[in-house]
Amino acid sequence: MKKHRGWPRILILSLLSFSVFAPIVLVSQRLKTLTSIGRKEFIEDLASIKYRTDDLRLNAIEQEAAKELKGPKLVVFKEKDFSSVVSHSTDENRVSNQSGDAQDASKLLEGNETNDEGKDKHGNQQNVIRMNSSEKVQSNQETGRHDQHLRSQSHRATDEKVKQMRDQLIRAKAYLSFAPPGSNSRLVRELRTRIKEVERAVGEASKDSDLSRSASQKMRSMEVSLAKASHVFPDCSAMASKLRAMAYNAEEQVRAQKNQESYLVQLVGRTTPKGLHCLSMRLTAEYFFLQPEERQFPNQQKVNDPDLYHYAVFSDNILACAVVVNSTISSAKEAEKIVFHVVTDSLNLPAFSMWFLLNPPGKATIHIQSIENFDWLSTKYKSTLKEQKSSDPRYTPSLNHLRFYLPDIFPALNKIVLFDHDVAVQRDLTGIWSVDMKGKVNAAVETCLESEASFRAMRMFMNFSDPFLAKRFNANVCTWAFGMNLFDLEEWRRKNLTMLYRNYLRLGLKRPLWKAGSLPLGWITFYNQTVALEKRWHALGLGYNSGLGQGDIEHAAVLHYDGVMKPWLEIGIAKYRGHWSKHLQYDHPYLQQCNVHK
């Protein structure tokens with residue numbers, strides 16, 4: 001009976017032990033599985049932390065740049081410097097985070113101590129609060145000043161990212177050129193992709209505000225790819241030689257672009273705007289509707305009076321000529337004593353006549369002539385004029401060289417002031433008529449100071465290797481400018497300078513003695529026959545020099561827009577155009593119809 005009673009006990013105990021140990025075994029097996037899975041996840045987390053650390057390092061570069069606001073280093077292949085900056089900035093962030101945590105902990109401890117002491121010392125707590133509040137106000141003020149300083153610094157440095165991204169493109173292309181031809185490795189594909197991304201991000205941006213929001217991320221991606229390339233291609237000498245080659249190619253491209261720009265500017269300077277063509281056509285059509293008696297100008301009896309002030313301009317540009325006439329007359333104190341002689345060609349004569357019939361020059365007298373009406377010119381000098389050839393319409397002989405025949409054009413006059421058609425007068429010119437000519441023919445402003453932009457030397461325009469010029473002229477003699485010149489026609493006739501000019505002209509047609517244009521011929525024709533005018537009479541350079549002093553412009557009697565950038569062209573210097581355009585009425589119906597605006 002005892003044996004039979006013992007079996008149930010053994011069975012119950014075995015079931016109890018099984019029920020206790022079985023869960024333990026199952027749990028231990030489960031824990032082994034979880035441990036292996038966790039280890040794998042932990043390794044993956046480490047890898048992701050490594051990649052995040054790389055991102056943080058790149059972020060640290062931007063944070064350091066934003067904090068210190070230092071200009072970007074334009075060194076494109078110093079990877080060691082880059083790695084040192086990354087490690088340094090990462091250490092700074094780590095230290096700043098630790099210090100921030102320590103400060104927060106100390107503030108909590110101080111708060112607890114203050115509360116404990118506040119139970120016994122309420123007055124001390126108020127003092128502590130006042131001190132803390134004052135310190136907070138002071139720190140807020142300092143922080144505000146620091147933020148304001150940072151904002152002002154950031155306004156000044158507005159193109160740092162653009163420069164860095166362009167620098168990255170140069171480095172990436174240099175690394176890409178090191179790859180073997182036809183290579184399609186992973187790094188090569190990655191560099192090509194990054195180059196396309198950064199090029200799209202930069203585009204035509206000139207400042208950081210032009211960049212998209214994703215530009216910073218593309219910069220970081222590019223920097224990671226460049227770091228990989230630096231390990232694959234560590235040869236700095238090869239990188240330096242490649243960059244020198246790329247710099248040379250870039251300089252060649254810049255030189256070619258400058259040549260093209262210069263050519264286009266010269267081309268624009270030689271063309272006539274569409275509005276001027278339209279204006280000339282409309283005025284010509286209206287002129288031929290007039291009756292012969294309606295085409296006559298008043299006060300023509302004054303044209304040959306030597307006691308009046310005679311001014312001349314030779315031009316085929318209606319607006320330019322109108323500004324010369326209007327500005328001279330509006331600035332004159334005795335406009336009734338002024339006679340203006342305008343000489344043009346037969347094609348533009350009707351348009352010029354119609355313009356001044358519609359816009360008479362007040363009390364002054366206007367006299368318009370055509371070069372084809374000079375019979376003496378066609379019989380005496382036409383063969384010489386026909387031989388002159390120039391691809392530049394500014395140097396056409398019909399009008400540009402007509403200045404050397406002034407005594408023949410105005411036989412009854414003793415003195416005359418000759419203007420180029422690209423000038424504007426802003427002072428009364430009565431005083432120039434009393435200049436002592438000292439027995440010489442020409443009065444002009446000199447251009448022989450090397451410190452000035454208007455400097456011209458004879459050796460710059462003339463071939464002094466030719467013995468004819470070397471024996472007769474001094475290459476270092478002081479030069480002068482056309483644009484506004486006072487000529488003594490009596491002395492001119494007496495010294496027969498027109499014949500001297502024609503002899504020089506024939507000689508210059510046989511061999512290269514000077515550059516195209518009438519200025520070199522003027523220097524040798526009036527050699528030792530020119531008296532210097534004061535600088536205040538004639539300001540030069542408004543058609544090419546944007547750095548003229550405002551005082552020189554305001555005090556000058558005549559402003560000369562010499563150069564390619566004429567004020568009636570779109571390429572004219574904007575800040576000088578107002579001195580010229582104020583003498584035109586742009587609300588005139590013909591100007592409005594032809595879309596001629598300021």
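To be clear, the structure that these remarks concern was listed above.
Attention here is on the structure that accompanies the text. (Residues numbered from 1 in each chain as written. Predicted model: local features only at pLDDT ≥ 70, side-chain atom pairs only at ≥ 80, totals over all residues. Heavy atoms only, no water.)

1. Regarding the overall build of the protein
Logical step 1: A tally of regular secondary structure across the protein gives 22 helices and ten strands.
Logical step 2: Sequence-distant contacts in the protein: of pairs separated by 6 or more residues, those separated by 24 or more amount to 79%.
Logical step 3: Total accessible area on the protein stands at roughly 35,600 Å², and carbon and sulfur atoms take up 54% of it. (Helix = DSSP H or I, 4+ residues; strand = E, 2+ residues; numbered from the N terminus. Contact = heavy atoms within 4.5 Å. Areas by Shrake-Rupley, 256 points an atom, 1.4 Å probe, with all protein chains shown as cover.)

2. Here's the deal with helix α9 (residues 318-331)
Logical step 1: The first and last C-alpha atoms of α9 sit 20 Å apart over 14 residues, in line with the 20 Å expected at 1.5 Å per residue.
Logical step 2: For α9, the tally of buried residues reaches twelve of 14 residues, placing the bulk of the element in the interior.
Logical step 3: Every buried residue of α9 is accounted for by I318, L319, A320, C321, A322, V323, V324, V325, S327, T328, I329 and S331.
Logical step 4: The residue sitting at the N-terminus of α9 and contributing the capping side-chain oxygen is N317; that oxygen lies 3.1 Å from the backbone nitrogen of L319. (Expected span 1.5 Å × (residues − 1). Buried < 20%, exposed > 50% of the residue type's maximum accessible area, 1.4 Å probe, protein only. Polar contact = N/O pair within 3.5 Å; in protein donor to acceptor, adjacent residues only side chain to side chain.)

3. Some words on the state of the cysteines
Logical step 1: All chains considered together, the criterion is met by two disulfides.
Logical step 2: The residue that forms a disulfide with C448 is C478, at a sulfur-sulfur distance of 1.8 Å. Taking the sign of the torsion about the S-S bond as the criterion, the disulfide between C448 and C478, at about -65°, is left-handed. Taken together, the positions of C448 in the loop between β6 (442-445) and α15 (458-461) and C478 in the loop between α16 (467-472) and β7 (484-488) put the pair 30 residues apart, joining distant regions of the chain.
Logical step 3: A residue is classified by how much of its surface remains accessible, and C448, at 27% relative accessible area, is partly exposed.
Logical step 4: Using a relative accessible area of 29% as the deciding quantity, one classes C478 as partly exposed.
Logical step 5: Assigning the bonded cysteines of the protein consecutive numbers by sequence position, one obtains the connectivity 1-4, 2-3. (Disulfide = S-S within 2.5 Å.)

4. Here's the deal with the pattern of salt bridges
Logical step 1: Tallying each qualifying case throughout the model produces 14 salt bridges.
Logical step 2: Where D466 meets R511, a salt bridge forms, and the shortest distance between an N and an O atom there is 2.7 Å. Of this pair, D466 sits in the loop between α15 and α16 while R511 sits in the loop between α18 (497-510) and α19 (519-525), and the two are 45 residues apart along the sequence.
Logical step 3: Judged by relative accessible area, D466 falls into the buried class, the value being 11%.
Logical step 4: Overall, the relative accessible area of 31% leaves R511 in the partly exposed class.
Logical step 5: Among the ionic contacts, a cluster of salt bridges with common partners joins E491, R494 and K495. (Salt bridge = Lys/Arg side-chain N within 4 Å of Asp/Glu carboxyl O.)

5. Things to note about the sheet that holds strand β5 (residues 423-425)
Logical step 1: Spatially, β5-β10-β9 is the arrangement adopted by the three strands of the open sheet, whose pairing is mixed. The open sheet is flanked by β5 and β9 (538-539), the only strands paired with a single partner.
Logical step 2: Judged from the two bridges that link them, β9 and strand β10 (residues 558-560) form a sheet pairing that is parallel. The residue bridging A539 from the neighbouring strand is L559, located in β10. (Pairing = 2+ DSSP bridges.)

6. Examining the sheet that holds β7
Logical step 1: Here we have seven strands laid out as an open sheet, ordered β3-β2-β1-β4-β7-β6-β8, and mixed in their pairing. Two strands in the sheet have a free side with no partner beyond their single neighbour: β3 (365-370) and β8 (530-533). Each strand of the sheet is rotated relative to its neighbour by a mean of 25°, with strand direction disregarded.
Logical step 2: Helix-sheet contacts for helix α10 (residues 349-358) involve β2 (338-344) and β3, and the interaxial angle to β3 is about 170°. (Axes fitted to C-alpha atoms, helices over the stretch in contact; angles between N-to-C directions.)

7. Regarding the packing of helix α8 (residues 274-287) against α10
Any two packed helices are characterised by how steeply their axes cross, that is the angle between the axes, and by the distance between the axes.
Logical step 1: At a closest axis distance of 8 Å, the pairing of α8 and α10 adopts a crossing angle of 80°. Classed by the angle they form, the pair α8 and α10 counts as roughly perpendicular. Where α8 approaches α10, its residues L279, S280, L283, T284, E286 and Y287 are matched on the opposing element by P350, A351, S353, M354, W355, L357 and L358.
Logical step 2: Its residues placed into classes, the contact of α8 with α10 shows nine nonpolar, three polar and one charged. (Parallel < 35°, antiparallel > 145°, perpendicular 65-115°, else oblique. Nonpolar A, V, L, I, M, F, W, Y, C, P; charged D, E, K, R; others polar.)

8. A short note on the pairing of β7
Logical step 1: The buried count for β7 comes to five of five residues, which makes it a mostly enclosed element.
Logical step 2: Residue alternation in β7 divides its side chains into two sets, M484, L486 and D488 and N485 and F487, and both sets are buried.

9. A short note on the packing of aromatic side chains
Logical step 1: Enumeration over the complete set of coordinates arrives at 22 aromatic pairs.
Logical step 2: Each ring, one from Y405 and one from Y501, has its centre 5.8 Å from the other, and the planes form 90°; the classification is edge-to-face. One end of the pair, Y405, is in the loop between α13 (397-400) and α14 (406-409); the other, Y501, is in helix α18, with 96 residues separating them in the sequence. Judged on exposure class, the residue Y405 and its partner Y501 are both buried.
Logical step 3: By way of ring pairs, the aromatic residues F374, W376, F404, Y405, W480, F482, F487, W492, Y501 and F526 are connected into one cluster.
Logical step 4: Lying across the ring of F482, R403 places its NZ or CZ 4.2 Å from the centre.
Logical step 5: Geometry around F461 places K515 over its ring, the cationic atom sitting 5.6 Å from the centre. (Phe/Tyr/Trp six-rings, centres within 6.5 Å; stacked < 30°, edge-to-face > 60°. Lys NZ or Arg CZ within 6 Å of the ring centre and 35° of its normal.)

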